[in-house]
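Architecture at a glance
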Amino acid sequence: MDVPRFAVDRMLGRLARWLRVLGFDAAYRNELPGDRLLTLAAREDRIVVTRDGRLRDPRGRARVIRITSAGFRDQLRELDRVLPLGGMDARPQRCVECNEAVLPVALADVPESVPAYVRATQTDFRRCPRCRRIFWPATHRTRMESEIEALGLTSPGTDRA
Ligand SMILES: [Zn+2]
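Keep in mind it's a predicted model, so treat the numbers as computed, not measured.

Comments concerning the sheet that holds strand β7 (residues 134-135)
Two modes of strand pairing occur in sheets, parallel and antiparallel, and in both the strands are linked by backbone hydrogen bonds. Spatially, β5-β6-β7 is the arrangement adopted by the three strands of the open sheet, whose pairing is antiparallel. Pairing within the sheet leaves two strands with one partner each, and these edge strands are β5 (103-105) and β7. In this sheet, β7 lies alongside strand β6 (residues 125-127) in antiparallel orientation, the contact comprising two bridges. When the sheet's bridge partners are listed, Arg126 is paired in β7 with Phe135.

Here you go:
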């Protein structure tokens, strides 16, 4: 199964960020009204994720998944019940801010703004091609993984009762 790509509505910013943490391509523009979201989704082959109960796509251009929960954890679980989100190894690491897949960066090119002890102890640095933020595994990853574990997301292929 292809990794799904999302177009997330403006009421679900936190969910969009978490989808990126999970490695999903999640377009999110907080100024985008519903019909524009549908157009974007249709053009870029994305699944619309929305809390807008009135959002309809009469022309059936894009798949729409409706979320009713308020908190992002419940929203992720709700989405996971429709589309299994677990099993994150196959997906690239993404910049949570920009949605870009981050690219490996040589240790020599890691800027001085990254603390010396990090440069001394880490080897796997990545950079967002858009905002130039530097990422390394130890920091975000541990917290992120425990969060993901706590969410109990379903792996694609997992037997679902
Ligand atoms: Zn970025």
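A few points about the coordination of the zinc ion
Listed as protein donors to the zinc ion are Cys95 (SG), Cys98 (SG), Cys128 (SG) and Cys131 (SG); their distances from the metal cover 2.3 Å. Here the zinc ion is ringed by four donor atoms whose angles at the metal span 106 to 113 degrees, and the overall shape comes out tetrahedral. Donor residues binding the zinc ion come from one chain and are separated in sequence as C-x2-C-x29-C-x2-C. Here Cys95 is found in the loop between α3 (72-82) and β5, whereas its partner Cys128 is found in the loop between β6 and β7, with 33 residues between them in sequence. Each member of the pair, Cys95 together with Cys128, is buried.

Description of helix α1 (residues 13-21)
Most of α1 sits out of view: seven of its nine residues are buried. The positive-phi residue at the C-terminal boundary of α1 is Gly23, with phi of around 95 degrees.

Quick look at the nonpolar core
Core analysis: the largest hydrophobic core is formed by 24 residues, its most contacted members being Phe6, Val8, Leu19, Val49, Leu76, Leu79 and Leu85. Of all the secondary structure elements, the ones that give two or more residues to this core are β1 (6-8), α1, β3 (47-50), α3 and α5 (137-151). Broken down by element, this core gets its largest block of residues, five residues, from α1. Excluding anything up to four places from it in sequence, Val8 contacts Ala16, Leu19, Ala26, Ala27, Tyr28, Arg29, Leu37 and Val49. Membership of the second largest hydrophobic core comes to ten residues, among which are Ala27, Leu32, Leu37 and Leu55.

Looking at the side chain of Thr50
Secondary-structure assignment places Thr50 in strand β3. Look at Thr50 and you get buried, because its relative accessible area is 1%. Of note is the side chain of Thr50, whose polar atom sits 2.5 Å from the side chain of Asp9. At a separation of 2.9 Å, a polar atom in the side chain of Thr50 contacts the main-chain amide nitrogen of Asp52. Excluding residues that lie within four positions of it along the chain, Thr50 makes contacts with Asp9, Leu12, Leu55, Val64, Ile65, Arg66 and Ile67.

Cut-off values and rules
- Residues numbered from 1 in each chain as written.
- Predicted model: local features only at pLDDT ≥ 70, side-chain atom pairs only at ≥ 80, totals over all residues.
- Heavy atoms only, no water.
- Pairing = 2+ DSSP bridges.
- Helix = DSSP H or I, 4+ residues; strand = E, 2+ residues; numbered from the N terminus.
- Donors = N, O, S within 2.8 Å, 3.2 Å for Na, K, Ca; no water.
- Tetrahedral: all angles 85-135°; square planar, octahedral: opposite > 155°, others 65-115°.
- Buried < 20%, exposed > 50% of the residue type's maximum accessible area, 1.4 Å probe, protein only.
- Core = buried A, V, L, I, M, F, W, Y, C linked by side-chain atoms within 4.5 Å.
- Contact = heavy atoms within 4.5 Å.
- Polar contact = N/O pair within 3.5 Å; in protein donor to acceptor, adjacent residues only side chain to side chain.

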